[in-house]
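# Structural overview for review
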Amino acid sequence: MNDARLHSAAAERNREPILRELQRLLPSEGGTLLEVASGSGQHAAWMSAALPHWRWLPSDADARVLPSIAAWCANQPNVLAPLHLDVAAETWAGVPPALDALYCANLLHIAPWQDGLALLRGAGRHLRPGAPLLLYGPFVQDGVPTAASNLAFDADLRARNPAWGLRRLADVSDAAREAGLRFQEQLALPANNLLLVFMRAADPAG
């Protein structure tokens, strides 16, 4: 294994259930997909191999992980060079203006809420009408008991950084709507995680 490759045990555990849903949700004709917060690059390598009609654009705000992403994806012809992308930037340099999909795993709870809002606004700017935003991670749902493991995880995150923590699904949905994204569905995945599906509205105000 190339020494540049970082390894995430969580990425290994959740990649198969996420991929099964992406194979169902993403159009078979393919397109260009931006992955925000690609981390080690394991998801980009695994999912792009299973979705050969999709051009996968991995990205991360931490420039130090870009060599790992490149190493993991070195043999994937449909993966573009990893992009250094801070979602909080006013413009997303290097991101195509009309994406066919945007995928982001495990970012909202380990970033300030303002970054989450910026992610949603960026998706509203760059997704073409009808294109999906796919968000994976743990969320808090009103009226649904939160799993003990997620409560402990939330407490640990907030102890490490008060700006971090699990987000309310209602807050994410409201912010997405303001960004021109319509909630489509939520999918329960293993270990008390959700995959949230939003669709870029034809009318940004819709």
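Coordinates for the structure precede this section.
Let me sum up the structure you'll find in this document. (Residues numbered from 1 in each chain as written. Predicted model: local features only at pLDDT ≥ 70, side-chain atom pairs only at ≥ 80, totals over all residues. Heavy atoms only, no water.)

### Details of the nonpolar core
As a reminder of what qualifies: Nonpolar cores were defined as sets of buried Ala, Val, Leu, Ile, Met, Phe, Trp, Tyr and Cys residues, with membership established by side-chain atoms within 4.5 Å. Buried residues are those whose accessible area, probed at 1.4 Å on protein chains only, stays under 20% of the maximum for their type, while exposed residues exceed 50% and partly exposed ones sit between those limits. Contact criterion: two residues are considered in contact whenever any of their non-hydrogen atoms come within 4.5 Å of each other.
Among the nonpolar cores identified, the biggest contains 32 residues, and Leu34, Val36, Leu102, Leu119, Leu133, Leu135 and Leu181 are the most heavily contacted of them. What Val36 contacts, discounting residues up to four positions off in sequence, is Ser59, Leu85, Val87, Leu102, Tyr103, Cys104, Ala105, Leu107 and Leu119. Formed by 26 residues, the second largest nonpolar core is a distinct cluster that contains Met47, Leu66, Ile69 and Val79.

### Quick word on the packing of helix α1 (residues 9-25) against helix α2 (residues 42-50)
Quick note on the threshold: Note on geometry: axes are lines fitted to C-alpha atoms, helical ones only across the stretch in contact, with angles between N-to-C directions running from 0 to 180 degrees. A helix here means a DSSP run of H or I that spans at least four residues, while a strand means a run of E at least two residues long, and both kinds are numbered starting from the N terminus. The sense of a crossing depends on the near helix, which, turned anticlockwise from the far helix by less than a right angle, makes the crossing left-handed and, turned clockwise, makes it right-handed. Any residue outside Ala, Val, Leu, Ile, Met, Phe, Trp, Tyr, Cys, Pro, Asp, Glu, Lys and Arg is labelled polar, Gly included; the first ten of those are nonpolar and the last four are charged.
Where α1 meets α2, the closest approach of the two axes is 10 Å, and the angle between their N-to-C directions is 35 degrees. When the axes of α1 and α2 are compared, the crossing they make is right-handed. For the pair formed by α1 and α2, the contact residues are Ala11, Glu12, Asn14, Arg15, Glu16, Ile18, Leu19, Leu22 and Gln23 on the first element and Gln42, His43, Trp46, Met47 and Ala50 on the second. Split into classes, the residues belonging to the contact of α1 with α2 amount to 7 nonpolar, 4 polar and 3 charged.

### Describing the pattern of salt bridges
Using the following cut-off: For salt bridges, the criterion is a side-chain nitrogen of Lys or Arg within 4 Å of an Asp or Glu carboxyl oxygen.
The final tally for this structure, using the stated rule, is 10 salt bridges. Of the charged contacts in the structure, one is a salt bridge between Asp142 and Arg168, with a shortest N-O distance of 2.4 Å. Residue Asp142 is located in the loop between β6 (139-140) and α5 (148-160), and its partner Arg168 is located in strand β7 (residues 167-168); the two are separated by 26 residues in the primary sequence. For Arg168, a relative accessible area of 31% gives the class partly exposed. The closest approach of N and O atoms between Arg168 and Asp171, which form a salt bridge, is 2.5 Å. By relative accessible area, which is 32% here, Asp171 ends up partly exposed. A single salt-bridge network, built from bridges that share partners, covers Glu21, Arg24 and Glu185.

### Things to note about unusual backbone geometry
For Ala37, which is not a glycine, the phi torsion comes out positive at approximately 65 degrees. Inspection of the secondary structure assignment puts Ala37 in the loop between β1 (31-36) and α2. You will see that Asn192, though not glycine, has its phi angle at about 60 degrees, which is positive. With respect to the secondary-structure elements, Asn192 resides in the loop between β8 (181-189) and β9 (193-200).

### A look at the sheet that holds strand β3 (residues 83-84)
Quick reminder of the rule: DSSP-based pairing: two strands are paired if at least 2 bridges between them are found.
Across the sheet, which stays open at both edges, the 7 strands sit in the order β3-β2-β1-β4-β5-β9-β8 with mixed pairing between neighbours. At either end of the open sheet lies a strand with only one pairing partner, and these are β3 and β8. Of the strand pairs in this sheet, strand β4 (residues 101-105) and strand β5 (residues 132-137) are connected by 4 bridges, and their pairing is parallel. The residue of β5 that forms the bridge with Ala105 is Tyr136. Along the sheet face, α1 touches β2 (54-60), β4, β5, β8 and β9 and points at about 140 degrees away from the line of β8.

### Brief notes about the environment of Ala50
Here Ala50 lies in helix α2. Under the relative-accessibility criterion, Ala50 is labelled partly exposed at 30%. Taking C-alpha positions, Ala50 is 33 Å from Glu90, a pair spaced 40 residues apart along the chain. Not counting chain neighbours up to four residues away, the residues in contact with Ala50 comprise Leu19 and Gln23.

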